[in-house]
Amino acid sequence: MQVITAARPAWIFPFTGLQPAQFRQLVRLVAERGGDAISDGRPGRQWALDLPDRVLLVAVYWRTNLTMRQIGPLFGVSHSAAHRVIDTLGPLLALAPVRRRPVDQIAIVDGTLIPTRDHRLATKSKNYRYSTNLQVAIDASTRLVIALGDPQPGNRNDTIVYRTSGIEEKLAGRPVMADGGYRGNAEVIIPYRKPVDGGVLPAWKEELNSHHRTVRAGVEHALARMKCFKILRDYRRAAHTLADAASGIANLHNIILTG
């Protein structure tokens, strides 16, 4: 028996954070990307769930981080069917690359550690867990996520991962702000550092640093909102699927933020 269904809008917001109208927008996006054309993976076998319910299953999984044996019965399907739904539809929810941007757009980038159980990529990190480093960039004005890097081992610092994750290329040609951990990347605007002799910064530099912190806080708020999707607090699936899941969650974050 199916417990949660998109046919009952009252279930959508508590389990996904999306308003019903936003959810319908998401379903249309997945349909445009070919979600209706995807078969169950077995010849002649149709999905037990229609497209809105499959999209809802993926969003609920990301939001709650339930196991497959928990989420399958909620939708009236087996745990293996829930796996197939997530594997096939998850990539279709991904954040679309920005093709046009304002000339004066400023990006803010920061990294966050995602606890990841797949040790083929994850490494023991400063959070004392096996984690991956995910780089996220937002538009400073709108606070929408505009780019993500490919997850990297969590024991690498941000200044290295910024270059190896591919996000540097995605942000090329626009001003980029970051914290002091990105020292060594000449194109990134970071706060002024205190003199090595223990002196104090001039007042004008302290004022600029204060303004820098205020602006840069936007990306930390975005990361906190993304981690309302609990799968980013304990990623149990194969590490190679994390990029698609993070991109999909970034897309959901943007839909929620734009109302």
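All values derive from a computational prediction rather than experimental measurement.

Undergrad: Is there a simple way to think about the packing of helix 8 (residues 203-226) against helix 9 (residues 242-258) in this case?
TA: Each pair of packed helices can be described by the angle between their axes along with the distance between the axes. Relative orientation of the contacting elements helix 8 and helix 9 amounts to 105 degrees, with a least axis distance of 10 Å. On the basis of their axis angle, the class for helix 8 and helix 9 is roughly perpendicular. On helix 9, the residues that touch A222, R225 and M226 of helix 8 are A246, I249, A250, H253 and L257. When grouped by side-chain class, the residues that make up the contact of helix 8 with helix 9 number six nonpolar, one polar and one charged.

Undergrad: Looking at this model, I keep getting lost on the pattern of salt bridges. Mind explaining?
TA: According to the stated counting rule, one finds six salt bridges in the structure shown. Taking the shortest distance from any N to any O, the salt bridge between E220 and R216 comes out at 2.9 Å. Here E220 pairs with R216, and both are found in helix 8, just four residues apart, close to one helical turn. Three or more residues are tied together by salt bridges with common partners; here these are R117, R129 and D234.

Undergrad: Any chance you could explain helix 3 (residues 51-64) here in plain terms?
TA: Because each turn of an α-helix spans 3.6 residues, side chains separated by three or four positions end up pointing in the same direction. Between its terminal C-alpha atoms helix 3 stretches 20 Å, which fits the 20 Å expected from 14 residues at 1.5 Å a residue. For helix 3, a buried count of eleven out of 14 residues is recorded, marking the element as mostly surrounded by other parts of the structure. The set of residues buried in helix 3 consists of L51, D53, R54, V55, L56, L57, V58, A59, V60, Y61 and W62. Where the residues of helix 3 are buried, they touch helix 1 (12-16), helix 2 (20-32), helix 4 (68-74), helix 5 (79-89) and helix 9. Of the residues that open helix 3, the one with a side-chain oxygen 3.2 Å from the backbone nitrogen of D53 is D50. One or two steps after helix 3, the chain reaches N65, where phi turns positive at roughly 60 degrees.

Undergrad: Looking at this structure, how should I read the nonpolar core?
TA: Counting 54 residues, the largest nonpolar core has L57, W62, F75 and L148 as its most contacted members. It is helix 3 that contributes the most residues to this core, nine residues altogether. F75 has contacts with Q2, I4, L49, D53, L56, L57 and V60, leaving out every residue within four places of it along the chain. The next biggest cluster of nonpolar side chains, apart from the first, holds twelve residues, and it includes V109, A137, I146 and A147.

Undergrad: Which parts of the structure should I look at to understand the packing of aromatic side chains?
TA: The geometry of an aromatic ring pair is captured by two quantities: the separation of the ring centres and the angle between the planes. In total, this model carries three aromatic pairs according to the counting rule given. Centroid distance W11 to F15: 5.7 Å. Interplanar angle 45 degrees. Geometry classified as tilted. What makes W11 partly exposed here is its relative accessible area of 23%. Judged by centre distance (5.6 Å) and plane angle (75 degrees), the rings of Y192 and W204 are edge-to-face. Of this pair, Y192 sits in the loop between strand 7 (188-189) and helix 8 while W204 is found in helix 8, placing the two residues twelve residues apart along the sequence. Residue class for Y192 comes out partly exposed when judged on its relative accessible area of 37%. The exposure class of W204 is partly exposed, given its relative accessible area of 48%.

Undergrad: Honestly, the layout of surface pockets in this entry has me stumped. Any pointers?
TA: The gaps left among the atoms become clear once a water-sized probe is rolled over them. As a volume, the largest pocket reaches approximately 250 Å³. For the largest pocket, the lining is made up of 17 residues, of which L95, A147, L148, K170 and S247 are closest to its centre. Of all the secondary structure elements, the ones that give two or more residues to the lining of the largest pocket are strand 4 (145-148) and helix 9. In terms of residue count, helix 9 provides more of the lining of the largest pocket than any other element does, four residues in total. Each residue belonging to the lining of the largest pocket can be placed in one class, and the counts come to eleven nonpolar, two polar and four charged.

Each value, and the rule that gives it
Counting restarts for each chain: residues are numbered from 1 in the order of the written sequence. With pLDDT at 70 or above as the cut-off, local features in this predicted model cover only qualifying residues; side-chain atom pairs require 80 or more to be listed or tallied, and sums for whole chains, interfaces and linings still use all residues. Only hydrogens and water are removed before side-chain values are computed, so all heavy atoms of the structure are retained for them. As a rule, the C-alpha atoms of each element are fitted with a line to give its axis, helices using only the stretch in contact, and angles between N-to-C directions run from 0 to 180 degrees. Runs of H or I in DSSP of at least four residues are treated as helices and runs of E of at least two as strands, each being numbered from the N terminus. Note on terminology: angles under 35 degrees are roughly parallel, angles over 145 are roughly antiparallel, angles of 65 to 115 are roughly perpendicular, and the others are oblique. Every residue pair with non-hydrogen atoms within 4.5 Å of one another is taken to be in contact. Just so you know the grouping, Ala, Val, Leu, Ile, Met, Phe, Trp, Tyr, Cys and Pro go in nonpolar, Asp, Glu, Lys and Arg go in charged, and all remaining residues, Gly too, go in polar. Each salt bridge in this description consists of a side-chain nitrogen of Lys or Arg and a carboxyl oxygen of Asp or Glu lying within 4 Å of one another. Residue count minus one, scaled by 1.5 Å, sets the expected span of a helix. Three labels apply to residues, based on accessible area from a 1.4 Å probe with only protein chains included: buried if under 20% of the type maximum, exposed if over 50%, partly exposed otherwise in between. Polar contacts, as used here, are pairs of N or O atoms within 3.5 Å; protein pairs need one atom able to donate a hydrogen and one able to accept it. Residues neighboring in sequence count only if both atoms are side-chain atoms. Here, nonpolar core means buried Ala, Val, Leu, Ile, Met, Phe, Trp, Tyr and Cys residues that are tied together by side-chain atoms lying within 4.5 Å of each other. When the centres of two rings from Phe, Tyr and Trp lie within 6.5 Å, Trp using its six-membered ring, the rings pair. Their planes under 30 degrees apart give stacked, over 60 give edge-to-face, and anything left gives tilted. Site definitions follow a grid-based scheme: protein atoms alone, a 1 Å grid, a 1.4 Å probe that fits but cannot get out for cavities, and for pockets an open set with protein on both sides within 12 Å along at least five of seven lines, plus lining residues having an atom within 4 Å of a point. Grid points are joined across faces, edges and corners, and a volume is the space filled by probe spheres set on the points.

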